[in-house]
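So the chains spell out like this:
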Amino acid sequence: MSTTIVASERRSYRLGRAPGGVPLLGNALQLFRTPLDYLPGLRHEGDLVRLKIGTSTAYLACTHDVVQEVLHRPRTFDKGGEFIDTMKLLLGDGVGTCPAAKHRRQRRFIQPAFQRDRLDDYCRLMQDEVTALAGSWRPGAVIDAGTEMSRLTTRVTARMMFSADIAADAVTAVQRNFPVVWKGVYRRMIIPLPLLHALPTPANIRFTRALRRLDDVIIRMLDTYRRDTADRDDLLTVLLNARDERGIGLTDTEIHDELMTVLAAGVETPASGLTWAFHLLAENPDVERKLLAEVDAVLGGRPARATDLTALPYTQRVVAEALRLYPPVWFITRRAVTDTQLAGHPVPAGSSILFSPYALHRDPAVFREPERFDPDRWLPENACELPRNATITFGGGSRKCLGDVLANQEVTLALASITAAWRLRPLPGHRIRPVAKAELTTGPLPMTTEARS
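Engineer: Any chance you could explain the pairing of strand β10 (residues 352–355) here in plain terms?
Structural biologist: Pairing of strand β4 (residues 56–61) with β10, which is carried by three bridges, proceeds in the parallel orientation. Note on β10: the bridge partner recorded for tyrosine 59 is isoleucine 353. Pairing of strand β7 (residues 332–336) with β10 involves four bridges; the strand directions are antiparallel. Note that in β10 the partner of threonine 333 across the bridge is leucine 354.

The following block contains the structure:
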């Protein structure tokens, strides 16, 4: 291991080399086998750390300032790398994966779907679906929390995309096929061998069929909306009506890619956040008691509404802390588009730039006792001591996720609504360990439903 120090205007940033590399593979084994153990420790090697992935050199931004430099130079450090390239199998060139040159135009098309008046409508969808989900449980039943939360957020997101009056079958098809596609995308991330994924194995056949069915749903809904021009309050209508400054709208392919992007973000981020929140509440009874006291005082057993959000500050802090500890997007890649410098060190064009929200959120230089679940670290008087953008759960800079406010609201409302009626208790003896897939998951999380009234 070697470390070089370069001075910048603000401070000196260390360039280090990742330990543990082996011939031919470099550091790939640690990254793929034990990333959640390996990545946080690399901050001890430098602010910016060189890794070998096979025969290629990549750079890991390990500390807050260096990550912010990457996020706020989107045209230099553009969307790219193995992670993004694989995600494009599902998302195409949507707003989350497109290059910087296209991003501003696409963001303007989709931004109206996330204006404040529409957020209230989406929150009502969450209220409806939470009520239906919680009403389907029975006292003493054993559920898998992750599966249930994914069911919930898939239905909410599909109903955001397509109005229920003509799209009941489409919502059902999305709910059935999206989990299969998401699992297949992850498999292609960890095993980047195209020939292997072209073989007619059962898993590959299931992936191809499910992806085709999702594509067919979007094609069918596009055709339906164009024939029936009723004014509907959903995402597809927003995209069909959107025009740029020259009066040009989105192509069918562009609409498809934006819908897929919203589907992926709208399902996995809130589902993961909710699942981790229920696990953390079960592990921290003092926090759970405070949350239940707030929920009972505000809701009195009824489901939460958007107008309740300001009266649920502790619930919001629980959500913020769950997303800090276990950010759904745990690993992000960029690609240097030109010879440049990062943290004062030269980085060649084409280099992969990596950073990990999971690792950054555990940096003791930013967070006191970073492994402790402490919702009160988000009290205003405590949060003001943190650096700006201390967490990057939703990215940052001009590429920050458009749905960050909506995701936080959905998770808060769902958590409050469910805990108003139920406690989810862990099965005795069951232990979980974070699993780094396409998102950061608990793995199987069986919990017993305990009615609160």
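Continuing now.
Engineer: Just checking my understanding: could you explain the nonpolar core for this structure?
Structural biologist: Across soluble globular proteins, nonpolar side chains have a tendency to be buried as a group. Judged by nonpolar contacts, the single largest core of 118 residues is most densely connected at Leu90, Phe162, Leu236, Leu259 and Leu415. The greatest single-element share of this core, amounting to 15 residues, is contributed by helix α12 (residues 252–283). Aside from chain neighbours lying at most four places away, what touches leucine 90 is Phe178, Val181, Trp182, Val185, Leu211, His256, Met260 and Ala264. With 19 residues, the next largest nonpolar core counts Val70, Phe77, Leu360 and Ile392 among its residues.

Engineer: Explain the environment of aspartate 169 to me, please; I cannot follow it from the model alone.
Structural biologist: Considering the arrangement of structural elements, one finds aspartate 169 in helix α8 (residues 164–190). With a relative accessible area of 60%, aspartate 169 lands in the exposed category. For aspartate 169 and valine 156, which are 13 residues apart along the polypeptide, the C-alpha to C-alpha distance reads 14 Å.

Engineer: Explanation requested: the pattern of salt bridges in the structure shown.
Structural biologist: Pairing between side chains of opposite charge can happen when their charged atoms approach one another. Applying the stated criterion to the full structure yields 32 salt bridges. Aspartate 244 serves as the salt-bridge partner of arginine 105, at 3.4 Å between the closest nitrogen and oxygen. Placement of arginine 105 in helix α5 (residues 100–110) and of aspartate 244 in the loop between α11 (235–241) and α12 is noted, with a sequence separation of 139 residues between them. Judged by relative accessible area, arginine 105 falls into the partly exposed class, the value being 27%. It is possible to trace a salt-bridge network through shared partners that takes in Arg105, Asp244, Arg246 and Glu254.

Engineer: Help me out: how do you make sense of the sheet that holds strand β6 (residues 142–144) in this one?
Structural biologist: Two strands in a sheet stick together by hydrogen bonds in their backbones, pointing the same way (parallel) or opposite ways (antiparallel). Across the sheet, three strands lie side by side as β6-β14-β11; this open sheet has antiparallel pairing. The open sheet has two free edges, formed respectively by β6 and β11 (422–426), since each of these has just one partner strand. Neighbour-to-neighbour, the strand axes of this sheet turn through a mean angle of 45 degrees, independent of strand direction. Strand contacts of α12: β11 and β14 (446–451), with the helix running at about 75 degrees to β11, the strand carrying the most contacts.

Engineer: Mind showing me how you'd approach a nonpolar patch on the surface here?
Structural biologist: On the surface, a cluster of nonpolar side chains totalling about 350 Å² of accessible area is made up of Val22, Leu24, Leu25 and Leu29. Mapped onto the secondary structure, leucine 24 falls in the loop between β2 (12–17) and α1 (28–33). With relative accessibility at 74%, the residue leucine 24 sits in the exposed group.

Cut-offs applied
- Residues numbered from 1 in each chain as written.
- Predicted model: local features only at pLDDT ≥ 70, side-chain atom pairs only at ≥ 80, totals over all residues.
- Heavy atoms only, no water.
- Pairing = 2+ DSSP bridges.
- Helix = DSSP H or I, 4+ residues; strand = E, 2+ residues; numbered from the N terminus.
- Core = buried A, V, L, I, M, F, W, Y, C linked by side-chain atoms within 4.5 Å.
- Buried < 20%, exposed > 50% of the residue type's maximum accessible area, 1.4 Å probe, protein only.
- Contact = heavy atoms within 4.5 Å.
- Salt bridge = Lys/Arg side-chain N within 4 Å of Asp/Glu carboxyl O.
- Axes fitted to C-alpha atoms, helices over the stretch in contact; angles between N-to-C directions.
- Patch = residues over 30% accessible without salt bridge, like charges linked within 9 Å, V, L, I, M, F, W, Y side chains within 5 Å.
- Areas by Shrake-Rupley, 256 points an atom, 1.4 Å probe, with all protein chains shown as cover.

Everything listed is a geometric property; what it means functionally is a separate question.
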